[in-house]
2 protein chains.
Amino acid sequence: MTAADGRQDARVDTLVDPSLDAAVTVVENGFETDRLVTLFGRCKVDYDGRASSTLGLGDRHVMCKPDGSILVHTDEGQQPVNWQPPGCTHEASREEDRLRIESERSSPEERLTVEFEQVSQVSTFAVDDATELSLDGTEEDLRNRILEEPDLVEPGFTPLATERDTAAGAIDIFGEDADGRTLAVELKRKRVGPDAVGQLDRYVDALRRDLHDDAEIRGILVSPSVTDRAADLLERNGLEFVSLTPRK
Amino acid sequence: MTAADGRQDARVDTLVDPSLDAAVTVVENGFETDRLVTLFGRCKVDYDGRASSTLGLGDRHVMCKPDGSILVHTDEGQQPVNWQPPGCTHEASREEDRLRIESERSSPEERLTVEFEQVSQVSTFAVDDATELSLDGTEEDLRNRILEEPDLVEPGFTPLATERDTAAGAIDIFGEDADGRTLAVELKRKRVGPDAVGQLDRYVDALRRDLHDDAEIRGILVSPSVTDRAADLLERNGLEFVSLTPRK
DNA sequence: CTATTAATCTCGAGA
DNA sequence: TCTCGAGGTTAATAG
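Conventions used here
Residues numbered from 1 in each chain as written. Chains lettered and ligands numbered in written order. Predicted model: local features only at pLDDT ≥ 70, side-chain atom pairs only at ≥ 80, totals over all residues. Heavy atoms only, no water. UniProt positions renumbered as here; feature names shortened; annotations may be inferred. Near = heavy atom within 4 Å. Polar contact = N/O pair within 3.5 Å; in protein donor to acceptor, adjacent residues only side chain to side chain. Helix = DSSP H or I, 4+ residues; strand = E, 2+ residues; numbered from the N terminus. Nonpolar A, V, L, I, M, F, W, Y, C, P; charged D, E, K, R; others polar. Least-squares fit on C-alpha atoms with pLDDT ≥ 70 in both. Contact = heavy atoms within 4.5 Å. Buried < 20%, exposed > 50% of the residue type's maximum accessible area, 1.4 Å probe, protein only. Disulfide = S-S within 2.5 Å. Pairing = 2+ DSSP bridges. Axes fitted to C-alpha atoms, helices over the stretch in contact; angles between N-to-C directions.

Per an unreviewed UniProt entry, chain A goes by Endonuclease NucS and derives from Natranaeroarchaeum aerophilus. Here chain A is described in UniProt, under the heading Sequence similarities (unreviewed entry), as follows: "Belongs to the NucS endonuclease family." If you open the UniProt record of chain A and go to Function (unreviewed entry), you find "Cleaves both 3' and 5' ssDNA extremities of branched DNA structures."

Here you go:
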């Protein structure tokens, strides 16, 4: 039931409690044929790159993807305990009585090494997935909601541009109020802290310098709500807030 | 080789191309005995909660952890295409000719549903892992490096407190320079953008108001480097920068 | 629970 | 490549 048996075209190729040589063969074949490869067993993990870490012996689940990413999972946590991003090159090798998986990339230089003392299962999967995720409730939904009904920000608001560039970055919605004053609108899909206020403040500042006219420029933060500190900071910087969610 | 065969104590329990009933049995038994459960096959995924999403038919790898988290992976990307955080309750059921995995939690109300049209493999694993990850190269390492050798910030720098509270949040290192002036140091383990400068600026502002004396207060950002926009913002706000990494 | 910040954040867009 | 900002960010920590 391994690649050596000529079944490399099967959607699934699995060995339970394999010999080391058989495991290496299946993993290498999986890498070569762009399959999703998983291993489970007792292993140590070392990482060195942007930071460095060590993880002693324990049972973990390792997933190597054909795009070059690798994920090491324990039995808890949503996040992998160790990982490597897409674009790495994987290698499997037998080192005496251990199976070693190495994943490497450059810029930045990063290396992950998993050394299995015992392999309980090896699998490779042929993945056929053309479908893309469709997500809503995003910041884009909030923007569309406002562009369809600008009065939600305030009566008389007229959007003139989205992603308008300034020296400090792009303003989500740029426009005019009912009195013709310039309006910079910063959108956040959920409750925000002081960071978002700082962002809006930098945009309004940049606008004032870019336009170097003395016309009043208003900055409005649109989000479901703000924290107390964010409210303070809005107040102190003469910025405004409108409560709005991305949906309905 | 399933739980029904009395092998539920084996470290690995795997079925390839199982019948739906057998798959449901293995998965349910895995949930009940706190094992790590994985499935691979053709499925649809729906999520509704903080946002909502749909994912059409395709091959995916699903991992259910005994802590209540669930991860749905495609063949690309380091991140799962769908997931649920720890603390959810999982259920497996047969719905006509499909296998359904449901994961739910409250506060916030969130639900993930995976519906398998075809199951190519089911596995459950007994995970024994007492080891914890040891990581370095973090912001804490940078702080320790400076506390051991304050002159790295500048000759004569004297740290007086860490995490000193202000109205705007905690200052990483609070101290005095050689001339007795108050110094607020903000630490970042890697290259930073304008957000970190905004943070430091808020702290220095808050300090000036908290101490309401006219003594000069200096703000110093310590990180490996800064972006151009961050450098501009430092300059405009009268803040300083010292280049330092967490390591060596 | 809320609030705040770090992260080997990841990811995608844009220059 | 770097930079910048979004994210169902997640995770840890404090209150």
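Asks: If you had to explain the protein's contact with DNA strand C to someone new, which residues and values would you point to?
Replies: Close to DNA strand C lie 24 residues, the nearest being Arg 191 of chain A together with Ser 107, Lys 188, Arg 189 and Tyr 203 of chain B. What you see for DNA strand C is that sugar and phosphate hold 84% of its atoms within 4 Å of the protein. At 2.8 Å from a phosphate oxygen of DNA strand C is found a side-chain nitrogen or oxygen belonging to Trp 83 of chain A. Within the contact set of DNA strand C, a phosphate oxygen lies 3.0 Å away from a side-chain nitrogen or oxygen of Thr 227 of chain A. Secondary structure elements with two or more residues in the surface near DNA strand C: strand S5 (82-84) of chain A together with helix H3 (194-211) of chain B. Looking at side-chain class alone, the surface near DNA strand C contains seven nonpolar, eight polar and nine charged residues.

Asks: Residues and numbers for the relation of the copies chain B and chain A, please.
Replies: Superposing chain B onto chain A takes a rotation of 180° plus a shift of 0.1 Å along the axis, which leaves an RMSD of 0.4 Å. On the angle and the small slide along the axis, the relation comes out as a two-fold axis. With an isologous cut-off of 70% or more, the 99% of interface residues of chain B that recur at the interface of chain A puts this contact in the isologous class.

Asks: Which residues make up the environment of Gly 58 of chain B, and what are the values?
Replies: Examined against the element boundaries, Gly 58 of chain B turns out to sit in strand S3 (residues 52-64). Separated by twelve residues in the primary sequence, Gly 58 of chain B and Ile 70 of chain B place their C-alpha atoms 18 Å from one another. Discounting chain neighbours no more than four positions away, the residues touching Gly 58 of chain B are Asp 128 and Asp 129 of chain A together with Gly 41, Arg 42 and Cys 43 of chain B.

Asks: I'd like to hear about the environment of His 73 of chain B, residue by residue, with values.
Replies: Residue and element names in this part refer to chain B. Tracing the backbone shows His 73 in strand S4 (residues 70-73). With relative accessibility at 4%, the residue His 73 sits in the buried group. Sequence separation of His 73 and Leu 160 is 87 residues, and the distance between their C-alpha atoms is 48 Å.

Asks: Report on the state of the cysteines, specifying residues and quantitative values.
Replies: Residues and elements named next belong to chain A. Using the criterion set out here, one finds zero disulfides over all chains in the structure. Among the cysteines around Cys 43, which has no disulfide bond, Cys 64 carries the closest sulfur, lying 11 Å off. Residue Cys 64 stays outside any disulfide, its sulfur separated by 10 Å from that of Cys 88, the closest cysteine.

Asks: Report on the protein's contact with DNA strand D, specifying residues and quantitative values.
Replies: In the vicinity of DNA strand D there are 24 residues, among which Ser 107, Lys 188 and Arg 189 of chain A together with Trp 83 and Arg 191 of chain B approach most closely. Per the 4 Å cut-off to the protein, sugar and phosphate atoms form 80% of the nearby atoms of DNA strand D. One nitrogen or oxygen atom from the side chain of Lys 188 of chain A is found 2.4 Å from a phosphate oxygen belonging to DNA strand D. Taking Arg 50 of chain B, its side chain carries an N or O atom lying 2.8 Å from a phosphate oxygen of DNA strand D. Across the surface near DNA strand D, the residue classes break down as seven nonpolar, eight polar and nine charged.

Asks: So what about the sheet that holds strand S13 (residues 217-223) of chain B? Which residues, and what values?
Replies: Residues and elements named next belong to chain B. Spatial strand order, S10-S11-S12-S13-S14: five strands in an open sheet with mixed pairing. Looking at strand neighbours, the two that pair on one side only are strand S10 (158-166) and strand S14 (240-243), the edges of this open sheet. Averaged over all adjacent pairs, the angle separating strand axes in this sheet is 30°, with direction ignored. The pairing of strand S12 (residues 182-187) with S13 spans six bridges and is parallel. From the neighbouring strand, Leu 187 faces S13, where its bridge partner is Val 222.

Asks: Go over the sheet that holds strand S13 (residues 217-223) of chain A with me, naming the residues and quoting the values.
Replies: Residues and elements named next belong to chain A. Taken in spatial order, the five strands of this open sheet run S10-S11-S12-S13-S14, and their pairing is mixed. Of all the strands in the sheet, just strand S10 (158-166) and strand S14 (240-243) have a single pairing partner and so form its edges. On average, adjacent strands in this sheet sit at an angle of 30° to one another, irrespective of strand direction. Of the strand pairs in this sheet, strand S11 (residues 169-176) and strand S12 (residues 182-187) are connected by four bridges, and their pairing is antiparallel. When the sheet's bridge partners are listed, Gly 175 is paired in S12 with Leu 183. Those strands touched by helix H3 (residues 194-211) are S10, S11, S12 and S13, and its axis lies near 155° from that of S13.

Asks: Tell me about the UniProt feature "domain: Endonuclease NucS N-terminal PH-like" (unreviewed entry) in chain A, and name the residues and values.
Replies: Under the feature "domain: Endonuclease NucS N-terminal PH-like" (unreviewed entry), the UniProt entry names residues 35-131 of chain A. Secondary structure across residues 35-131 of chain A comprises 0% helix and 66% strand; the distance between its end C-alpha atoms is 18 Å.

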